[in-house]
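Remarks on the overall topology
Read off the chains here:
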Amino acid sequence: MKNRKFYIFMIAMAIVVVGTLFFLNNTAAEEALKVRAFYPEAKKIERVKDIADDVFISINLPAVRRAYAVDGVIKAYVVSCVGYVGPIEVLAAIDDEKGELIGIEILGHTESPDYAEHIGKNWFLDRFKNIIAEKYLNLVVLDKENPEDIVQVTGATVSSQAVVNAVNAAIGAYQYKVKGIKMDRVPDVVSQEMWQKDTNSFAINWEGGAIRINTEEIKQYEQMEMDVVLIHTTGTETPMKVKGPTLRHILEREGIDLSQYEGVGITGRDGYYTMIDREKLEVNDVILAWEADGKGLKEEEKPVRVALPKEMGPYWVKMVSNIDLYDAISSKDIDKIHMFHALTADIDPYFYEYYGSKDKSIEVGKILKKFDAVDEKGFFTMGASDGLIKNETISMVRQRYFIKIEGENAPMNIAPSFKLGMNVKGMTHFSTTKDAVIFPEKMRAVVRTKKINGKEGLLLEDVLLTAGMRWTGGNGFNAVSTDGSQLQINGEELPECYITSEDGKVDLCNGHIPLIKDLLRIEKL
């Protein structure tokens, strides 16, 4: 009977794996067919691997997702830019001989019909045909005066600009990969200046529905007034009295129970994003403030700003444009904990200039590629030595994040849309659903320590727990060195084990007895 159940389980798993592979392959095949439609005479079309991992592209052209070589020349690009509600994904095809756009196709978007009804219509897409791909396109309101001008869709300025940004990223990538020319940076979020034209409303989105609330309508909901203190990660505090409805009350009027969702993602007009998980939602009221200290918000904070009384500054999003409700977020089950420097030793650092300081940084997307699997529905969690824990979606950090590893406040997350003071500084660790990465030099501030052979030793049990690993009495652990050597540790030995670090190298000891030199990771068995 047990064997029968086992065989049934294995067959079911095989079906799931085959189904998943079929779906992924089918999606990729459909995209390749769309590319071929632009190049019907092509002899060979093949997808270019890891184009988004190129440092110049990831920093300056973050909208680039995928690319295709047509008869050996990279001519077709899949690009994505965040519009009014969410990302708009575009396929842009370029004629290498003429050096001009053949045309574009909208592959997908999450824009509401009110704001993007026509961006996929042929009459709008035709505006991108036969334009020289040497200059960036320019969105205009009414009349086309220059060859690079694109007339916007009336009433959908932001969505139109998102499409233009995406196509400009394709042009920039083409010039860089094919012509060797580095053009100016193109953002993958519509600029703040464009959003400032609509400072009077924001959207709340959920599976199967959405509402948009303007600055007059928000005053009609039940109001909360509260004295709060905004604590920045720089240590400064700003007391204020805020007024506005809570997200919970707004949703209740729509017949929606916030407690049924796993979390919410909040995006500002400047592209800044944060996620608030269920645990924080249960103990906090998300106040959508339209008034502070008895006055209406400043223009640069409208239409509303978030006040989350029990959390630090990175959760207090200004100029809210979108609030997304997540009904499914994969839970964490950390089974590997990696040492940062050992894990990233073969990744070339990028010297990222951030607020006047140019420091070594490691791209998060390249770190994620080192993991066996990354669940896109999971959290990307960052912890800091000051106690801050910040969650974001995996998709948000693949192209938008670097970890600054030297200079003031390092390790610290930095990105083009991050203002100083909204970072996770002095990072102790970060994690996906299955893997965690630690910075021992910062972790020592939050775990138990003792002197081990003249060095400060970190209690391994505390390190694993702080990084998010959980286990039962039956679990053992496997320690792996950078040279491939391994050593198993049982649960009884764990409370006696410590790690020490010096110059980026981590050693594992049992009491004062060395076990593993240059530790790479700890695996849960």
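See the structure printed just above.
We now turn to the structure provided with this report. Here the structure is a predicted model, which means the values were calculated and not measured.

In space, the four strands of this open sheet follow the order E20-E21-E24-E25, with antiparallel pairing throughout. Looking at which strands have only one partner, the edges of the open sheet turn out to be strand E20 (350-354) and strand E25 (412-414). The mean inter-strand angle of the sheet, taken between neighbouring strand axes irrespective of direction, is 50°. Sheet topology places strand E24 (residues 402-404) next to E25; three bridges connect them, and they run antiparallel.

Ranked by size, the top nonpolar core spans 61 residues in total, and within it Ile-204, Leu-288, Ile-323, Leu-325 and Phe-430 carry the most contacts. Sequence-distant contacts of Ile-323, defined by excluding residues within four places in its chain, comprise Phe-202, Ala-203, Ile-204, Asn-205, Leu-247, Val-264, Gly-265, Ile-266 and Leu-288. Membership of the second largest hydrophobic core comes to 45 residues, among which are Ile-94, Ile-119, Val-153 and Ala-166.

The next point concerns the packing of aromatic side chains. Counted according to the given criterion, the structure contains ten aromatic pairs. A ring pair is formed by Trp-123 and Phe-124, whose centres lie 6.5 Å apart and whose planes are at 75°; its orientation type is edge-to-face. Owing to a relative accessible area of 0%, Phe-124 belongs among the buried residues under this scheme. A centroid spacing of 6.1 Å and a plane angle of 55° characterise the contact between Phe-430 and Phe-439, whose relative ring orientation is tilted. Among the aromatic residues, those joined into a ring-pair cluster are Phe-340, Phe-380, Phe-430 and Phe-439.

Its boundaries defined by the atoms lining it, the second largest pocket holds a volume of some 640 Å³. What lines the second largest pocket is a set of 28 residues, and nearest its centre among them are Asp-277, Glu-279, Lys-332, Thr-381 and Asn-391. Within the residue set of the lining of the second largest pocket, elements represented by two or more residues are helix H8 (278-283), strand E22 (379-384), strand E23 (389-393), strand E26 (427-431) and helix H13 (460-466). Tallying contributions element by element places H8 first for the lining of the second largest pocket, with three residues.

Parameters and conventions
Residues numbered from 1 in each chain as written. Predicted model: local features only at pLDDT ≥ 70, side-chain atom pairs only at ≥ 80, totals over all residues. Heavy atoms only, no water. Pairing = 2+ DSSP bridges. Helix = DSSP H or I, 4+ residues; strand = E, 2+ residues; numbered from the N terminus. Axes fitted to C-alpha atoms, helices over the stretch in contact; angles between N-to-C directions. Core = buried A, V, L, I, M, F, W, Y, C linked by side-chain atoms within 4.5 Å. Buried < 20%, exposed > 50% of the residue type's maximum accessible area, 1.4 Å probe, protein only. Contact = heavy atoms within 4.5 Å. Phe/Tyr/Trp six-rings, centres within 6.5 Å; stacked < 30°, edge-to-face > 60°. 1 Å grid on protein atoms, 1.4 Å probe; cavity = no way out; pocket = protein on both sides within 12 Å on 5 of 7 lines; lining within 4 Å. Points joined across faces, edges and corners; volume = space filled by probe spheres on them.

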